[in-house]
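# Per-entry structural report
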Amino acid sequence: MRDAYREYFGFMEQLGHLLDQLTELEKKKTAAVRHDDLLTVDECMKQEQALSLSLRAMDKKRDVLLSGMGLENVTLSGFAEHCPPELQKEAKEAAETLHTRYMLYRSASDAARTTLELNLHQIERMLADEADAPLGGGTIADIRA
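Now for a description of the structure that goes with this document. Residue numbering note: each chain is counted from 1, following its sequence as written. Where totals are concerned, whole chains, interfaces and linings use all residues; where local detail is concerned, this predicted model gives features only for residues with pLDDT of at least 70, and gives and counts side-chain atom pairs only at 80 or more. Water and hydrogen atoms were dropped before computing side-chain values, which therefore reflect all heavy atoms in the structure.

The definitions used throughout rest on a 1 Å grid laid over the protein atoms alone, on which a cavity is an enclosed set of points accommodating a 1.4 Å probe that cannot get out and a pocket is an open set flanked by protein within 12 Å on both sides along at least five of seven lines; lining residues are those having an atom within 4 Å of a point. Grid points are joined across faces, edges and corners, and a volume is the space filled by probe spheres set on the points. Roughly 330 Å³ of internal volume is contained in the largest pocket. Under the DSSP-based scheme used, a helix requires at least four consecutive residues in state H or I and a strand at least two consecutive residues in state E, with every element numbered from the N terminus. Secondary-structure elements contributing two or more residues to the lining of the largest pocket are helix H1 (2–34), helix H2 (38–68) and helix H3 (88–132). All residues other than Ala, Val, Leu, Ile, Met, Phe, Trp, Tyr, Cys, Pro, Asp, Glu, Lys and Arg, Gly among them, are scored as polar; the first ten of these are nonpolar and the last four charged. Across the lining of the largest pocket, the residue classes tally to twelve nonpolar, two polar and two charged. Approximately 230 Å³ is the volume attributed to the second largest pocket. Along its surface, the second largest pocket is lined by Ala32, Val33, Asp36, Leu38, Val41, Leu116, Asn119, Leu120, Gln122, Ile123 and Met126. Those elements that provide at least two residues to the lining of the second largest pocket are H1, H2 and H3. Take the lining of the second largest pocket: its biggest share by element is six residues, from H3.

Below, the structure is given as structure tokens:
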């Protein structure tokens, strides 16, 4: 049974690395949006899609691992309480580390989303301003002259 817990610790570390990759990708995307680099934004979004497939696979693996330990409905924060006493400290530290990595990812993701939204609003405003402007960029008086 101890091997199952060790395997789950390894899984948590793998998930943490994936979250680190996503965090760096979100930072790269945010910088690309700020520099109006649409090609890099597009590439980041493609990489995000690939990593999200990995997350789905890891979610299924988590379910299998927890089920194998009889911990189907145990949350990350409650995992340490269900570990053998000699593994509880390690489990708590691993869960805290993973939670921190997740929070860093969420922060980077929120920043990227906000930056994208702001840029989209600016584009919408520019398009609306162009639609309201007379053809040729002049004024109505210019047309009559």
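This is not the end of the story, as more comes after the structure.
What follows concerns the packing of H1 against H2. Note on geometry: axes are lines fitted to C-alpha atoms, helical ones only across the stretch in contact, with angles between N-to-C directions running from 0 to 180 degrees. Contact geometry for H1 and H2: axes closest at 10 Å, N-to-C directions at 165 degrees. Comparing the axis directions of H1 and H2 gives the class roughly antiparallel. Between H1 and H2 lies a crossing of left-handed hand. Every angle not falling under 35 degrees, over 145, or within 65 to 115 is termed oblique; those three ranges are roughly parallel, roughly antiparallel and roughly perpendicular. Two helices that cross are described as forming a left-handed crossing if the nearer one is turned anticlockwise from the farther one by less than a right angle, and a right-handed crossing if clockwise.

By definition, a salt bridge exists where a carboxyl oxygen of Asp or Glu is found within 4 Å of a side-chain nitrogen of Lys or Arg. The tally for this structure, following the rule as stated, stands at 13 salt bridges. In this structure, lysine 27 engages glutamate 24 in a salt bridge whose closest nitrogen and oxygen atoms are separated by 3.6 Å. Residue lysine 27 and its partner glutamate 24 are located together in helix H1, separated by three residues, close to a single helical turn. Taking the relative accessible area as the measure of exposure, glutamate 24 reaches 48% and is therefore partly exposed. In this structure, glutamate 26 and lysine 29 form a salt bridge, with 3.5 Å as the shortest nitrogen-oxygen distance. Within this pair, glutamate 26 and its partner lysine 29 are both found in helix H1, separated by three residues, close to a single helical turn. To sort residues, take the accessible area from a 1.4 Å probe on protein chains only and compare it with the maximum for the residue type: under 20% means buried, over 50% means exposed, and anything in between is partly exposed. On the basis of relative accessibility, which here comes to 3%, the residue glutamate 26 falls in the buried class. It is possible to trace a salt-bridge network through shared partners that takes in Arg106, Asp110, Arg113 and Glu117.

The biggest cluster of nonpolar side chains holds 26 residues, and the ones touching the most others in it are Tyr5, Tyr8, Phe11, Met12, Met69, Leu71 and Phe79. Of all the elements in the fold, those that place two or more residues in this core are H1, H2 and H3. Among residues more than four places away in sequence, those in contact with phenylalanine 79 are Tyr5, Tyr8, Phe9, Met12, Leu66, Met69, Leu71, Val74 and Ala91. Among buried residues, the Ala, Val, Leu, Ile, Met, Phe, Trp, Tyr and Cys ones that are joined through side-chain atoms within 4.5 Å form a nonpolar core. In what follows, a contact means two residues having at least one pair of non-hydrogen atoms within 4.5 Å.

Once that is clear, we can look at unusual backbone geometry. A positive phi angle, near 55 degrees, is found at aspartate 36, a position not held by glycine. Considering the arrangement of structural elements, one finds aspartate 36 in the loop between H1 and H2.

To continue, consider a nonpolar patch on the surface. Together, Leu120, Ile123 and Leu127 make up an exposed nonpolar region whose accessible area comes to about 290 Å². Turning to its location among the elements, isoleucine 123 is positioned in helix H3. We classify isoleucine 123 as partly exposed; its relative accessible area is 44%. Residues with no salt bridge and a relative accessible area higher than 30% make up the patches, which join like charges within 9 Å and nonpolar side chains (Val, Leu, Ile, Met, Phe, Trp, Tyr) within 5 Å. Per-residue and other accessible areas follow the Shrake-Rupley method at a 1.4 Å probe size, with only the shown protein chains counted as cover for residues.

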